[in-house]
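Tertiary structure, described
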Amino acid sequence: KTIEATYWSEHAYHAQMEPMNCLAKVAPDGQSAEIWTGTQFSFLATVVASGILKTTPDKIKVHQHMLGGGFGRRIAPDIIAQSVVLSNITKLPVKLVLSREDDMAAARPRPLTHHVMKAGLDDKGQLIGWRHRLVAENVDAVAAPARFQATGGKDYVGWNGSDLPHYAIPHTLAEGVREMRGTRVAPLRGIGAGYNKFVIESFLDEIAFERRINPLAMRLELTQSDARANAVIRTVAEMSDWNRKRKDRGLGIAFADYHGTLSAGVAEVSLNRKTGKIQVHHYWVAVDTGLPIQPINVLAQLEGAVVYGLSLALIEELTIRNGSVVQSNFNDYPVLRMADMPEIHSQIIPSKAAPTGMGEVGVLAVAPAISNAIFQLSGKRLRHLPMSPARVKKVIT
């Protein structure tokens with residue numbers, strides 16, 4: 001038996017609270033410079049600035065400041081390049097701050113994506129085949145062309161998370177198709193895993209439904225030979241009291257891995273069928289990040305990433321029309337508000353494995369956990385990010 005489904009995700013803006021900004025001071029001879037900025041890639045800043053001035057990176061001094069939010073947007077050195085050019089022309093220190101409108105117009109969004117999913121079951125109902133075909137603008141081709149060329153056209157950023165290293169499925173294939181639209185796409189927190197895990201974990205629930213097996217049981221079955229992944233899933237199920245029914249609320253579960261860090265989340269949601277608005281009341285999340293060097297910071301990163309994931313899952317959508325960004329500020333590009341925050345319950349699983357990372361993984365299980373919870377509640381599948389009220393109403397009604 002084969003099971004098939006298609007999924008979508010829209011462009012998303014980084015929505016960092018501090019707009020892009022930089023102060024550059026080029027020396028009178030134009031051969032050196034000082035830069036004050038918040039950047040995720042200070043060495044790239046020196047390379048770009050020295051290239052503009054036709055000097056060497058050691059002649060560029062970068063004063064690193066707090067980012068004011070980065071999420072991938074402050075990797076790109078465009079604001080640095082502009083400031084250096086202006087300072088070199090005027091021979092004066094130049095401070096450049098983009099307005100929110102300019103910042104959004106200059107957005108480097110997460111790509112629009114389309115996913116074609118297909119799974120195969122044998123005559124005993126076991127999952128034996130998996131195919132994931134992703135169509136999108138390639139992030140590396142735009143943001144890291146040297147790496148894109150060196151890897152023969154592989155999109156390290158955009159395809160991230162499409163593999164299945166922890167699920168025991170005998171035959172798997174993940175494919176990437178480049179759809180060239182000229183959009184200036186870039187990494188965004190969670191990178192490709194942000195949409196790929198949404199698709200994988202939502203489709204896995206579709207397969208569980210066809211097999212008439214509990215979604216939790218299926219994930220435990222697929223990870224029974226992977227002790228760490230299995231433990232993360234079991235832990236979050238226990239935290240959420242998975243088997244307890246909630247009146248007028250649905251529960252959804254999802255698992256995610258990111259560069260050796262393992263996490264699982266459970267969302268408890270309700271749905272206003274008249275408005276299409278999803279309300280997340282509780283979100284439980286467990287993480288195995290290897291040996292946690294700074295446990296308090298691990299939890300802070302985890303919970304902050306959940307907030308970011310909730311906003312991306314429920315409301316954030318950047319629209320491109322006639323080659324330009326339609327939205328201009330937070331009035332027409334809303335982000336999650338305090339009134340819509342669920343209670344977040346987080347737990348670190350003790351581990352003696354090598355430490356890994358925490359910046360991204362908390363984002364990844366949020367969207368599929370919500371989508372799976374809505375199916376439990378309504379019997380309807382949400383296969384398109386974000387799960388905005390208007391989009392939900394079309395599916396539910």
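Heads up: these notes are all about the structure in this document. (Residues numbered from 1 in each chain as written. Predicted model: local features only at pLDDT ≥ 70, side-chain atom pairs only at ≥ 80, totals over all residues. Heavy atoms only, no water.)

With respect to the pairing of strand β11 (residues 278-288)
The condition is simple: Partly exposed residues are those whose accessible area sits between 20% and 50% of the maximum for their type, while under 20% is buried and over 50% is exposed, using a 1.4 Å probe and protein chains only. In this description a helix means any DSSP run of H or I spanning at least four residues, a strand means any run of E spanning at least two, and both kinds are numbered starting from the N terminus. What makes two strands pair is DSSP finding at least two bridges between them.
The buried fraction of β11 amounts to nine of the eleven residues, a majority that puts the element mostly inside the structure. Bridge analysis of strand β10 (residues 261-271) against β11 gives ten bridges, and the strand direction is antiparallel. Pairing of serine 270 across the sheet is with glutamine 279, part of β11. Counted between consecutive antiparallel strands, the loop separating β10 from β11 contains six residues, among which glycine 276 sits at a positive phi close to 80°.

Some details on the packing of aromatic side chains
Each aromatic ring pair is characterised by the separation of its centres together with the angle its planes make. Test applied: Here is the rule: rings of Phe, Tyr and Trp (six-membered ring for Trp) pair when centre to centre is within 6.5 Å. Planes less than 30 degrees apart are stacked, more than 60 are edge-to-face, and the remainder are tilted. Criterion for a charge above a ring: Arg CZ or Lys NZ at most 6 Å from the ring centre, at most 35 degrees from the ring normal.
The full count for this structure, using the stated rule, is six aromatic pairs. Where tyrosine 7 meets phenylalanine 198, the ring centres are 5.8 Å apart and the plane angle is 90°; that geometry is what we call edge-to-face. Of this pair, tyrosine 7 sits in strand β1 (residues 2-9) while phenylalanine 198 is found in helix α6 (residues 193-211), placing the two residues 191 residues apart along the sequence. Residue classification places tyrosine 7 among the buried positions, given a relative accessible area of 1%. Over the ring of tyrosine 308 we find arginine 189; its NZ or CZ atom is 5.7 Å from the centre of that ring. Arginine 381 extends its terminal NZ or CZ atom over the ring of phenylalanine 375, reaching a point 3.4 Å from the ring centre.

Examining the sheet that holds strand β15 (residues 384-385)
One open sheet holds the five strands; their spatial order is β8-β7-β6-β1-β15, and the pairing between them is mixed. Edge positions in the sheet fall to β8 (171-178) and β15, since each of these pairs with one other strand and no more. Bridge count between β1 and strand β6 (residues 113-121): eight bridges; the pairing is antiparallel. Bridge pairing in β6 links threonine 6 to valine 116.

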